[in-house]
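Architecture at a glance
Each chain, written out:
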Amino acid sequence: MKYLDEFQDPELAQRLLDDIRATTTRPWAMMEVCGGQTHSIIRHGLDQLLPDDIELIHGPGCPVCVTPLEVIDKALEIAARPEVIFCSFGDMLRVPGSEKDLFRVKSAGGDVRVVYSPLDALKLARENPDRQVVFFGIGFETTAPPNAMTVYQARKLGLENFSLLVSHVRVPPAIEAIMTSPVCRVQAFLAAGHVCTVMGTGEYPELAERFGVPIVVTGFEPLDILEGIRRTVHQLEEGRHEVENAYARVVSEEGNPVAIRMLEDVFEVVDRSWRGIGMIPQSGWRLSERYREYDAEERFRVGDIHTQESSVCRSGEVLQGLIKPHECSAFGTLCTPRNPLGATMVSSEGACAAYYLYRRMQVPTTGEAREVSSVG
Amino acid sequence: MDFGGVTKEVCLEYVPDLQVGEYTIVHVGFALQRLDEQSALETLEIFRQMGELDAEFGDHWGRAAEQAGMPRPDLDGLREQEGGAR
């Protein structure tokens with residue numbers, strides 16, 4: 001596809017790698033924020049092409065992975081109701097809640113449907129006026145505008161049988177949380193390109209300044225990622241810490257003002273818990289007062305649910321970049337994409353799933369592993 | 001919207017002035033931003049020139065040495081040493 005193939009060119013990748021190699025004089029640890037970038041890095045083996053001195057720490061930017069267990073449990077409770085059609089992106093269905101997942105609810109008779117877009121859920125609401133249609137609204141600043149627009153449309157159409165279970169999260173507070181952690185090893189960030197497509201780059205100069213870290217807005221194709229790393233290494237080696245845009249073909253400083261206005265109208269900033277990490281102040285969105293009637297949590301009165309994370313799963317440490325996925329004892333044995341203990345093994349953007357699918361594992365080859373590797 | 005042969009309906013509310021023939025980033029059924037072709041071509045051109053300029057003028061060892069205030073290392077001697085170690 002146009003402007004995808006060009007940014008995968010191996011010869012140009014080599015030129016970027018040569019420059020990175022020639023510039024690097026000592027060890028540097030940088031975090032790619034977005035799970036889409038993690039997936040691309042592992043899929044294309046970019047981490048293995050880099051000089052040994054460059055370490056990529058995989059960040060928490062996988063929306064499925066950081067959605068708190070409590071919200072999953074609320075989804076499970078709502079989805080099991082007979083009057084409800086529960087709509088979600090496909091990768092949420094296998095995320096384990098406390099006792100089961102959405103697939104289990106579906107097999108027990110719950111009307112759980114996978115949709116491509118929140119607008120598909122809106123369409124279902126129009127076609128089924130006697131049912132309650134709930135959309136599971138998770139994701140970062142990239143997915144929030146489509147969900148905001150959907151709620152806006154629902155109100156405009158007077159659709160009273162549509163609601164949103166919201167667990168949206170924001171990148172800048174997560175960067176702040178990572179940098180203030182006592183175990184932080186991150187010296188620079190590759191910021192998530194598609195988040196900045198919407199939000200622009202205005203939130204980052206203050207963070208770069210306060211924590212003395214380079215922040216380079218980076219895309220998702222191999223050349224985009226190498227260019228992000230290359231610019232980051234140049235900054236680190238020269239002792240600079242600035243916000244740079246290495247994804248200029250879709251990211252501008254102001255982002256998408258129409259989408260930002262819609263976000264600010266439909267949502268309001270709240271504190272949010274991140275699975276495996278904990279509460280991060282001001283790191284999420286919920287429906288604003290004006291749209292609160294579309295909040296599925298209120299509509300279905302799903303109260304506080306006590307949650308128990310798996311004691312074996314170390315996804316919290318993976319999400320904070322403290323360990324690599326294969327360093328967890330459950331990786332590839334107790335925990336596989338088919339039978340995940342934690343969300344990082346579920347989503348295609350999760351670091352554990354990426355390591356598993358692209359064979360970054362040092363475990364005995366099981367039947368499942370053979371099957372996966374023959375596909376990959 | 002044509003995704004390299006697959007056609008899908010996409011909401012254009014966030015990029016209302018998008019024209020037929022332009023490229024856009026689409027996420028969950030919504031166009032979120034126009035792709036700036038000029039910028040894409042410029043970036044690729046910079047990548048192409050990077051190697052070429054380097055082949056012609058590049059001397060990373062020399063640059064590194066200069067920055068460190070050291071004499072430029074004897075590369076041929078270094079390569080022989082590396083070869084010997086193997």
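Small disclaimer: the values here were computed from a predicted structure and weren't measured. Counting from 1, residues in each chain are numbered in the order their sequence is written. To read the labels, note that chains go from A and ligands from 1, taken in the order they are written. In keeping with the model being predicted, local features are shown solely for residues with a pLDDT of at least 70 and side-chain atom pairs are shown and tallied solely at 80 or more, while totals for entire chains, interfaces and linings include all residues.

Observations regarding the domain arrangement of chain A
All names here are of chain A. On domain assignment, one finds that chain A holds domain 1 (1-310) and domain 2 (315-375). For domain 1 and domain 2, the distance between their C-alpha centroids amounts to 20 Å. Placing a C-beta atom from the backbone of each residue, one calls two residues in contact when those atoms lie within 7 Å. At the junction of the two partners, domain 1 supplies 28 residues and domain 2 supplies 21 residues. Elements with a minimum of two residues in the side of domain 1 that touches domain 2: helix H2 (35-43), strand E2 (54-61) and helix H4 (63-66). Charged means Asp, Glu, Lys or Arg here, nonpolar means Ala, Val, Leu, Ile, Met, Phe, Trp, Tyr, Cys or Pro, and polar covers whatever is left, Gly included. Looking at side-chain class alone, the side of domain 1 that touches domain 2 contains 14 nonpolar, 10 polar and four charged residues. What marks off one domain from the next here is an automatic or database domain assignment. Numbering of helices and strands runs from the N terminus; a helix is a DSSP stretch of H or I covering at least four residues, while a strand is a stretch of E covering at least two.

Overview of the packing of helix H8 (residues 144-157) of chain A against helix H13 (residues 257-266) of chain A
All names here are of chain A. Note on method: axes are straight lines fitted to C-alpha atoms, helices fitted across the in-contact stretch only, with angles between N-to-C directions ranging 0 to 180 degrees. It is the contact of H8 with H13, at a shortest axis distance of 9 Å, that shows an interaxial angle of 60°. With respect to their mutual orientation, H8 and H13 come out oblique. Two packed elements cross with a definite hand, and for H8 against H13 that hand is left-handed. Within the contact between the two elements, H8 uses Ala144, Pro145, Ala148, Met149, Val151 and Tyr152 and H13 uses Ala259, Met262, Leu263 and Val266. Tallied by class, the residues present in the contact of H8 with H13 amount to 10 nonpolar, no polar and no charged. Geometric relationships in this document are graded by angle, where less than 35 degrees denotes roughly parallel, more than 145 denotes roughly antiparallel, 65 to 115 denotes roughly perpendicular, and other angles denote oblique. In this scheme the handedness of a crossing depends on how the near helix is turned from the far one: anticlockwise by less than a right angle means left-handed, clockwise means right-handed.

What about the interface of chain A and chain B?
Each side of the interface is counted separately: chain A has 29 residues, and chain B has 24 residues. Only helix H1 (10-23), helix H7 (118-127), H8, helix H10 (193-199) and H13 of chain A provide two or more residues apiece to the side of chain A that touches chain B. The element that contributes the greatest number of residues to the side of chain A that touches chain B is H1(A), accounting for five residues. Of the residues contributing to the side of chain A that touches chain B, the split by class is 17 nonpolar, seven polar and five charged.

Here's the deal with unusual backbone geometry
Positive phi, normally seen in glycine, also occurs at A:Arg301, with a value near 45°. When you line up the elements, A:Arg301 lands in the loop between helix H14 (296-299) and helix H15 (315-319). The phi dihedral of B:Val28 falls on the positive side, at around 40°, and the residue is not glycine. Note on placement: B:Val28 falls in the loop between strand E3 (24-27) and strand E4 (30-34).

Concerning the packing of H7(A) against H8(A)
Residues and elements named next belong to chain A. At their nearest, the axes of H7 and H8 sit 9 Å apart, and the two run at 20° to each other. Comparing their axes, H8 and H7 come out roughly parallel. Note on packing geometry: the crossing formed by H7 with H8 is right-handed. Of H8, the residues touching H7 (which contributes Pro118, Leu119 and Leu122) are Pro146, Asn147, Thr150, Gln153 and Ala154. Of the residues contributing to the contact of H7 with H8, the split by class is five nonpolar, three polar and no charged.

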